[in-house]
Amino acid sequence: MSDLSAARTPVLDVWCELQCPDCHSALDDVRALRARYGDRLELRLRHFPLEKHKHAFAAAQAAEEALEQGRGWDYVEAVLGRVTELDRKGEPFLVEVAGELGLDAEEFDTALIDGRHILIVDADQAEGKAIGVTGTPTYVIDGELLDGGKSQDGLRARIEEIADRLLSGGE
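These notes cover the structure that comes with them.

1. Let's talk about the side chain of glutamate 65
- Relative to the assigned elements, glutamate 65 resides in helix H4 (residues 56–68).
- With residues up to four places along the chain from it excluded, the contact list for glutamate 65 reads Glu107, Phe108, Ala111, Arg116 and His117.

2. Focus: the environment of proline 21
- With respect to the helices and strands, the residue proline 21 is situated in helix H2 (residues 21–25).
- Distance from proline 21 to leucine 86, taken between C-alpha atoms, is 11 Å for residues 65 residues apart in sequence.

3. Some details on the pattern of salt bridges
- On inspection of all chains with the given rule, the structure shows 23 salt bridges.
- In this structure, the salt-bridge partner of arginine 44 is aspartate 13, at a minimum N-O distance of 2.7 Å. Here arginine 44 is found in strand E2 (residues 42–47), whereas its partner aspartate 13 is found in strand E1 (residues 11–16), with 31 residues between them in sequence.
- Owing to a relative accessible area of 34%, arginine 44 belongs among the partly exposed residues under this scheme.
- The class for aspartate 13 is buried, based on a relative accessible area of 8%.
- Salt-bridge contacts for arginine 46 lead to aspartate 13; the nearest nitrogen and oxygen are separated by 3.3 Å. Linking arginine 46 in strand E2 with aspartate 13 in strand E1, this pair joins segments that are 33 residues apart in sequence.
- Since its relative accessible area comes to 8%, arginine 46 is described here as buried.
- A single salt-bridge network, built from bridges that share partners, covers Asp13, Arg44, Arg46, Asp124 and Glu127.

4. Digging into a negative patch on the surface
- On the surface, Glu91, Asp104, Glu106 and Asp109 cluster together to form a negatively charged patch.
- In this structure, aspartate 109 sits in helix H8 (residues 105–114).
- For aspartate 109, a relative accessible area of 38% puts it in the partly exposed group.

Thresholds, definitions, all that
Residues numbered from 1 in each chain as written. Predicted model: local features only at pLDDT ≥ 70, side-chain atom pairs only at ≥ 80, totals over all residues. Heavy atoms only, no water. Helix = DSSP H or I, 4+ residues; strand = E, 2+ residues; numbered from the N terminus. Contact = heavy atoms within 4.5 Å. Salt bridge = Lys/Arg side-chain N within 4 Å of Asp/Glu carboxyl O. Buried < 20%, exposed > 50% of the residue type's maximum accessible area, 1.4 Å probe, protein only. Patch = residues over 30% accessible without salt bridge, like charges linked within 9 Å, V, L, I, M, F, W, Y side chains within 5 Å. Areas by Shrake-Rupley, 256 points an atom, 1.4 Å probe, with all protein chains shown as cover. Lys, Arg positive; Asp, Glu negative; His and termini not counted. Charge placed at Lys NZ, Arg CZ, Asp CG, Glu CD.

What follows is the structure, given as structure tokens:
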């Protein structure tokens, strides 16, 4: 069992906000990483709702409900793909997207009302602030923080470089 450390799946934390235009433009990179690595790289959605976006906190809670229902990334991609609709329609849009994806829309509505996912979103936001996340998207892999809010140029290549090194057992 000495192979345990080598067998560990590298983790890429994706600090995201579902009302963020920059996160929308980062979708192609996230899709490409998921396609390239599949299960060999764990992409973890982390929430960092920004105060300037009034529906971002609710959207983060809705994304947690989607994760619980087994379609987290599908939901994130669907909402990010229609940021202007979220801006315009607000929380009813979050429930609408859940229904379109075949998720339990009533459960989404209830989750947004009862706030069952608020603690997860709050914890993510607090952790993000503690490690230096200031905007979205921001990525963290192997302890390296990569800020995509300023520029996404070269970020995917850097993430791939780190992931490939970790997967090959390199330190």
